[in-house]
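Breakdown of the fold
Spelled out from the first residue to the last, the chains are:
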Amino acid sequence: MKGNTLQRSLLLPLMALAALAFVLGVIYLDPGTGRTQTADPVESVPESIPADEPVARVASVLSPSVVQINVSGIEQTPFGAQKQEGLGSGVIYRSDGYIITNNHVVEGSRGVEVAFADGTTERGLPNGSEVSGSVVGRDPATDIALVSVDRNDLPAADFASGDPIVGQTAVAVGSPSGFESTVTSGIISGTGREVPAEYTGGTQAPSLVDLIQTDAAISPGNSGGALADREGRVIGINVAYLPPGETGAENIGFAIPSDTAVSVADQLIENGEAVHPYLGVYLSDLTQETASKFGSPEDSGALVEKVEPGGPADAAGIRRGDVVIAAGSEDVRSSGDLVSALRDYRPGDTVDLTVLRNGEKSKLQVNLAESPQ
């Protein structure tokens, strides 16, 4: 178990993430199955909320579907075993008790308690009581996890499909610092974002790519909560933000797209784990300095730091020092771009990687395997 209440509630500070290269494994997205649908959210807005108050209308629809998740566990420290507690948020995925949250909210936890927006429980306990939950499965590659509770009457959220539009209204709902059902609003600032590697120890964390960027205020405790459109449909699961004190940036937050969250949740429900295509390389971002070192005419791309012996990349002829600049028809300007591009593939698929080696381009076919667990 890591961190205190605030540290457990959002994937921050980002500077504390492990400064290690990773063996690339990514999730195949299948947004077409198992998606939870509810009634048209507009129809469920109380008549007392004016039509020209879109954020209030979203809050009235979505807040009942957003929960607070409290976790506890034991961490071994130089002073012995210490009890640790943390909190985050979650979004009700299915009425029969499944709740989506972030992997980093529940990772290492020994106990999970869920507090619902209306304060009710299945045992008739007084308002404010919590329901015991269990972790169905976790997917560190996308930072999605699934929690279940013993209830069959939950108000499931409506999850949108497809990419949001830059500039559209965005509403965040969660429990920052334990304030349940807190609502903030802004816009979608960008899509296909990745948290820069300099904030993750120098290498690209695979869970921090292909994200939605928003200026809706999110804070510690919002992790696992909802980012919604003006109709109250969930377009993302909040995951991180850049702290102004460390970066000088204001209102830069990130959410995992709903298509990713839904695909992973369905796999966790069905199999208890998510399936990953496996490339078998350790990557970093190519910089001008490393480009000069390796004699590359390009100054962007995914630099292969190490190749796993016997892995798919090794079998395809990829070598240390190669720079991947394209995956299929997708340009690759960073290690995060490669992670994102490979999410369109599943184990057993073949991907054409364009690499630079000794200043010359070549195209290599890689047969992706299933990521080792």
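Not measured: the values here are computed from a predicted model.

**Section: the overall build of the protein chain**
A tally of helices and strands in the protein chain yields eight helices and 20 strands. Scored against the burial criterion, the 373 residues of the protein chain give a buried share of 53%. Of the accessible surface of the protein chain, which amounts to about 15800 Å², a share of 46% is contributed by carbon and sulfur atoms.

**As for helix α5 (residues 258-271)**
Taking 1.5 Å of rise per residue, 14 residues should cover 20 Å, and α5 covers 20 Å from first to last C-alpha, within 8% of that figure. Among the 14 residues of α5, eleven are classified as buried, and the element is accordingly described as predominantly covered. What α5 keeps buried is the set S258, D259, T260, A261, V262, S263, V264, A265, D266, Q267 and L268. Where α5 terminates, the next one or two residues include G272, which has phi positive at roughly 80°.

**Topic: the sheet that holds strand β8 (residues 169-174)**
Around the barrel, six strands lie side by side as β8-β9-β10-β13-β12-β11; this closed barrel has antiparallel pairing. The sheet shows a mean angle of 45° between the axes of neighbouring strands, taken without regard to direction. As paired elements, strand β9 (residues 182-193) and strand β10 (residues 211-214) share three bridges and run antiparallel to each other. Following the sheet pairing, G190 is matched in β10 by Q213.

**Re the pattern of salt bridges**
The full count for this structure, using the stated rule, is six salt bridges. Measuring nitrogen to oxygen at the nearest pair gives 3.2 Å for the salt bridge that ties R151 to D153. Close ionic contact of R333 with D337 constitutes a salt bridge, the shortest N to O distance being 3.5 Å.

**Notes on the nonpolar core**
As a rule of thumb, soluble globular proteins bury nonpolar side chains together. In this structure, L62, I100, F159, V234 and I237 are the most contacted members of the largest nonpolar core, which totals 33 residues. With five residues, the top contributor of residues to this core is α5. Excluding residues within four positions of it along the chain, L62 makes contact with A157, V173, A226, A228, G232 and V234.

**Re the side chain of N70**
Mapped onto the elements of the fold, N70 is located in strand β2 (residues 66-77). Reaching out from N70, the side chain makes a polar contact with the side chain of E130 at a distance of 2.5 Å. N70 has contacts with G86, L87, G111, V112, E113 and E130, leaving out every residue within four places of it along the chain.

**A short note on the side chain of T101**
Among the structural elements, T101 can be located in strand β4 (residues 98-102). A polar atom in the side chain of T101 sits 2.7 Å from the backbone oxygen of S89. The residues touching T101, leaving out its near neighbours within four places in the chain, are I69, S89, G90, V106, D143, I144, A145, V147, S223 and G224.

**Here we look at helix α8 (residues 335-342)**
In terms of residue burial, α8 counts as a mostly covered element, since seven of its eight residues are buried. Those residues of α8 that sit buried are S335, G336, D337, L338, V339, A341 and L342.

**Let's talk about unusual backbone geometry**
Residues other than glycine seldom take positive phi values, yet S177 does so here, at roughly 55°. Tracing the sequence through the fold places S177 in the loop between β8 and β9.

What counts, and at which threshold
Residues numbered from 1 in each chain as written. Predicted model: local features only at pLDDT ≥ 70, side-chain atom pairs only at ≥ 80, totals over all residues. Heavy atoms only, no water. Helix = DSSP H or I, 4+ residues; strand = E, 2+ residues; numbered from the N terminus. Buried < 20%, exposed > 50% of the residue type's maximum accessible area, 1.4 Å probe, protein only. Areas by Shrake-Rupley, 256 points an atom, 1.4 Å probe, with all protein chains shown as cover. Expected span 1.5 Å × (residues − 1). Pairing = 2+ DSSP bridges. Axes fitted to C-alpha atoms, helices over the stretch in contact; angles between N-to-C directions. Salt bridge = Lys/Arg side-chain N within 4 Å of Asp/Glu carboxyl O. Core = buried A, V, L, I, M, F, W, Y, C linked by side-chain atoms within 4.5 Å. Contact = heavy atoms within 4.5 Å. Polar contact = N/O pair within 3.5 Å; in protein donor to acceptor, adjacent residues only side chain to side chain.

Purely spatial values, then, with no claim about function.
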